[in-house]
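# Survey of secondary and tertiary structure
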Amino acid sequence: MSEELSAIPLADVLRAANELVSAGLIEDYALGGALAAIYYVEPFTTYDADIIFITKDETLSTGVPAIYSHLQSKGWRVERGHLMVNDFPVQFLAASGLAEEAVRNAKPIVYEGVPAKVFRPEYIIAIAASVGRHKDLARIEQLLKQAKIDKAVLDDILQRYKLKLPNQ
Amino acid sequence: MRRELAQLPFEEKIRKIGELIRLRQKIKTDVSNASEEADLLASLDKASAELDAGKGIPIERIRENIREWAKNPKK
């Protein structure tokens, strides 16, 4: 990898996601996963990016191949199920339920001049609570300590999706 | 300190993580002795795991430690 290239080419990833929206291949998207958490808390290591998208139609099978095909035509490679941009793996994950709501309510940001959206911390916490792995619980603790959380919003999400935080 | 890091601009946070990733790649490339490389990478993996576990070791400290290991791997 060239020294000039960013080790995490996030602007390229977000630009590509915006193109997918413009091309009508997806309805909307937001940055999720570890990189979304990093927006609100201290930086920690992560080796991929998760783009959570809302499909344009109900049939997922038509959406994902079209996304892969479009990005491969732009020079992205596919390796072990991941789309790769500048050797950095990116996962495009179709949203439903809580994740779809998280995309629809995501926070607009501008990253290196590229407009994008990132999951709000209340949704990151709720999604982490629904998954419940060790690292998800650590992420919840980190967000509760370091991010500004709207407790009413969080409680509402947790209640509607019948989720509980650890030690609740 | 952790709260201060949390307040950094997003671009700056991504740059710091990128530096760590690049440093890891550099260690893999530069260290010729296989056992030294394994020791260095094990140390880096341990540090990364602690970060992933939310223990929140400042990334600056990890970077500093890695620099020292890279300079003097026998230490």
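Residues numbered from 1 in each chain as written. Chains lettered and ligands numbered in written order. Predicted model: local features only at pLDDT ≥ 70, side-chain atom pairs only at ≥ 80, totals over all residues.

Right, let's get into the overall build of chain A. Scanning chain A for helices and strands turns up 7 helices and 7 strands. Helices and strands in chain A line up, N terminus first, as α-β-α-β-α-β-β-β-α-β-β-α-α-α. Its C-alpha atoms give chain A a radius of gyration of 16 Å, near enough to 15 Å, the size a compact globule of 168 residues would have. For chain A, the spread of C-alpha atoms along the principal axes amounts to about 50 × 40 × 30 Å. Taking all 168 residues of chain A together, 42% fall into the buried category. Restricting to contacts in chain A with at least 6 residues of sequence separation, those with at least 24 account for 70%. (Helix = DSSP H or I, 4+ residues; strand = E, 2+ residues; numbered from the N terminus. Rg over C-alpha atoms; globule rule 2.2 N^0.38 Å. Buried ≥ 20, exposed ≤ 12 C-beta atoms within 10 Å, placed from the backbone. Contact = placed C-beta atoms within 7 Å.)

Helices and strands together make up the secondary structure of chain B, namely 4 helices and 0 strands. Taken from the N to the C terminus, the helices and strands of chain B come in the order α-α-α-α. Per-residue burial over chain B gives 21% buried out of 75 residues.

Another aspect to go through is the interface of chain A and chain B. Each side of the interface is counted separately: chain A has 21 residues, and chain B has 21 residues. Among the secondary structure elements, those contributing two or more residues to the side of chain A that touches chain B are α2 (33–40) and α6 (134–146) of chain A. Here the side of chain A that touches chain B takes 6 residues from α6 of chain A, the largest share from any one element. Tallied by class, residues from the side of chain A that touches chain B come to 11 nonpolar, 5 polar and 5 charged. (Nonpolar A, V, L, I, M, F, W, Y, C, P; charged D, E, K, R; others polar.)

Residues and elements named next belong to chain A. The buried count for strand β1 (residues 26–32) comes to 5 of 7 residues, which makes it a mostly enclosed element. As defined by bridge partners, β1 adjoins strand β2 (residues 49–55) across 6 bridges and the pair is classed as antiparallel. Bridge pairing in β2 links Leu31 to Ile51. (Pairing = 2+ DSSP bridges.)

Okay, the packing of helix α4 (residues 97–104) of chain A against helix α5 (residues 121–131) of chain A next. Residues and elements named next belong to chain A. Where α4 meets α5, the closest approach of the two axes is 10 Å, and the angle between their N-to-C directions is 170°. One finds that α4 runs roughly antiparallel with respect to α5. Of the two possible hands of crossing, α4 and α5 adopt the one that is left-handed. On the side of α4, the interface is formed by Leu98, Ala99 and Ala102, while α5 contributes Tyr123, Ala126, Ile127 and Ser130. (Axes fitted to C-alpha atoms, helices over the stretch in contact; angles between N-to-C directions. Parallel < 35°, antiparallel > 145°, perpendicular 65-115°, else oblique. Left-handed = near helix turned anticlockwise from the far one by under 90°.)

Glancing now at the nonpolar core. Among the nonpolar cores identified, the biggest contains 56 residues, and Val13, Ala30, Ile51, Phe119 and Ile124 of chain A are the most heavily contacted of them. Non-local contacts of Val13 of chain A, meaning those with residues more than four positions away in its chain, are made with Ala49, Ile51, Val85 and Val90 of chain A. (Core = buried A, V, L, I, M, F, W, Y, C linked by C-beta atoms within 7 Å.)

Take α5 of chain A next. Residues and elements named next belong to chain A. Among the 11 residues of α5, 9 are classified as buried, and the element is accordingly described as predominantly covered. If you check which residues of α5 are buried, you get Pro121, Glu122, Tyr123, Ile124, Ile125, Ala126, Ile127, Ala128 and Ala129. Of the surrounding secondary structure, the elements contacted by the buried residues of α5 are α2, α4, α6 and α7 (151–160). Gly132 sits one or two residues past α5 and shows a positive phi near 80°.

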